[in-house]
Amino acid sequence: MSFGMAKKLPSTTRIAWLGNSYIFYNMLPVLVASLIEAPPTAGTAGRIVSHSEITQGGAQLADHASNHRVSVMLQESWDVVVLQDNSQVPGGAIPEALEYSRTALDWFAPFLQGRTRCMLFSTWGHREGSSNFPDAYPDFRTMQEKTSDGYERYAQRLRALAVDVTVVPVGDAFRRVHRAEPKPLQADSLFSRLYVSDGSHPSALGSYLAALVFALVLLPEEVALSSSVPPSIAAEVSIEDARRLRQIADLTIAEAREVGALPPRQSKPPPDAKSEL
C-alpha cells in the first residue's frame, strides 16, 4: 500500500457521517469536532468543523445506499465522508449482507471520486463476541480480527474505484486496550468500561477513544489536540482514564503509520504547536 503525505484539513471542514448507533451514541461527531476545532491565533486561521449525519440503529451500508436522503446529502460538497457498516457484517458472519455492503460501496464510489476524502469507521468487536453469531464471532479477539480485515477489504474495493479512502482503526485501539488488560472481561477493567451493559455499544469512554482516533487521523499535521475531555462526557471520563485512552490512541495511530496503513504525518509541525499531553 502506498500513500503520499497526509492531507491537511481546511480551516473550515465539513464532515458527513453515515452509519448507525455506534455514531449517535454519545454524539461521536460532536466529540470529534470538540477535539479538532481550534480558535484563530495570530499565526493561524483556526479550525471550524461543520458536520451532519444520517444514522439509524442497526443500519448497514446497503440501507444508506437505498436512502434518498443519503443521495441528496452526498451531492453536497464535503471534505470528509465517514462510512460505517453494521458491526456484524464486515467480518463475514452474514454472507448475503456482506455482498450487499460490497454492492453499496460501488454505489457510493461516484459520489466520492476525486473530490472527497472517504473514511471507513473500522469498528470494534463485541466485548464477548456475538451472541447472534457465536460460530463466526466466539470472542472479542476473533470478531475484532475479522472486522478489521473486512474494513481493509472495503478500502481495497473503493481504491480500485479511484476513491481516496482511509481506514480509521478504532477497533484496533479497542484491541490494544484488551491486550493490555490481564483480565479484560472483569467489570472494572478499562476494556469492559469501554462498553455499556449490552457489550456492543460504546460507553462514554468507548466513544471518547473512538473520537481520539478519528481526531488523530483527521489532523495529520503535528498539532496538539485539545487536552480537555469534551463537555458532553466530561462527568463520565476521569483524568486518569482520559490520559490512558490518549496514550492508547497515540500508539494505535503510530503503529498504523509504521506499517503503512496510514500516511505519514507532515514532516514539520507548525512553529507554535505544543504538545498538551
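Residues numbered from 1 in each chain as written. Predicted model: local features only at pLDDT ≥ 70, side-chain atom pairs only at ≥ 80, totals over all residues. Heavy atoms only, no water.

Novice: Sorry, what's going on with the side chain of histidine 126 here?
Specialist: Relative to the helices and strands, histidine 126 resides in the loop between strand E4 (117-121) and helix H6 (140-160). Engagement of the side chain of histidine 126 in a polar contact is seen with the side chain of tyrosine 22, the distance being 3.4 Å. Of note is the side chain of histidine 126, whose polar atom sits 3.0 Å from the side chain of serine 87. Every residue in contact with histidine 126, bar those within four places of it in the chain, is listed here: Tyr22, Ser87, Gln88, Phe140, Met143, Tyr195, Gly199 and Ser200. (Helix = DSSP H or I, 4+ residues; strand = E, 2+ residues; numbered from the N terminus. Polar contact = N/O pair within 3.5 Å; in protein donor to acceptor, adjacent residues only side chain to side chain. Contact = heavy atoms within 4.5 Å.)

Novice: Quick question: what am I supposed to make of the pattern of salt bridges here?
Specialist: Side chains that differ in charge, positive against negative, can pair when their charged atoms come close. By the definition in use, this model includes 10 salt bridges. Here arginine 102 ties to glutamate 99 by a salt bridge, and the two come within 3.4 Å at their closest N and O atoms. Highlighted residues: arginine 102 and glutamate 99, both in helix H5 (residues 95-112), separated by three residues, approximately one helical turn. Residue classification places glutamate 99 among the partly exposed residues on the basis of a relative accessible area of 38%. (Salt bridge = Lys/Arg side-chain N within 4 Å of Asp/Glu carboxyl O. Buried < 20%, exposed > 50% of the residue type's maximum accessible area, 1.4 Å probe, protein only.)

Novice: Help me out: how do you make sense of the packing of helix H7 (residues 170-180) against helix H9 (residues 239-258) in this one?
Specialist: Angle between the axes and distance between the axes: these two values describe a pair of packed helices. For the pair H7 and H9, the least separation of the axes is 9 Å and the interaxial angle reads 120°. If you check the angle between H7 and H9, you find them oblique. The way H7 lies across H9 gives a crossing that is right-handed. Of H9, the residues touching H7 (which contributes Asp172, Ala173, Arg176 and Val177) are Ile248, Leu251, Thr252 and Glu255. Grouping the constituent residues of the contact of H7 with H9 by class yields four nonpolar, one polar and three charged. (Axes fitted to C-alpha atoms, helices over the stretch in contact; angles between N-to-C directions. Parallel < 35°, antiparallel > 145°, perpendicular 65-115°, else oblique. Left-handed = near helix turned anticlockwise from the far one by under 90°. Nonpolar A, V, L, I, M, F, W, Y, C, P; charged D, E, K, R; others polar.)

Novice: Would you explain the confidence of the model for the chain in this entry?
Specialist: Low pLDDT means the predicted atomic positions in that stretch should not be read closely. On average, the chain scores 90 in pLDDT, and the residues at 70 or more come to 88%. Counting contacts from residues 268-277, a segment whose pLDDT is below 50, to residues more than four positions away or on other chains yields 15 contacts. (pLDDT = per-residue confidence, 0-100.)

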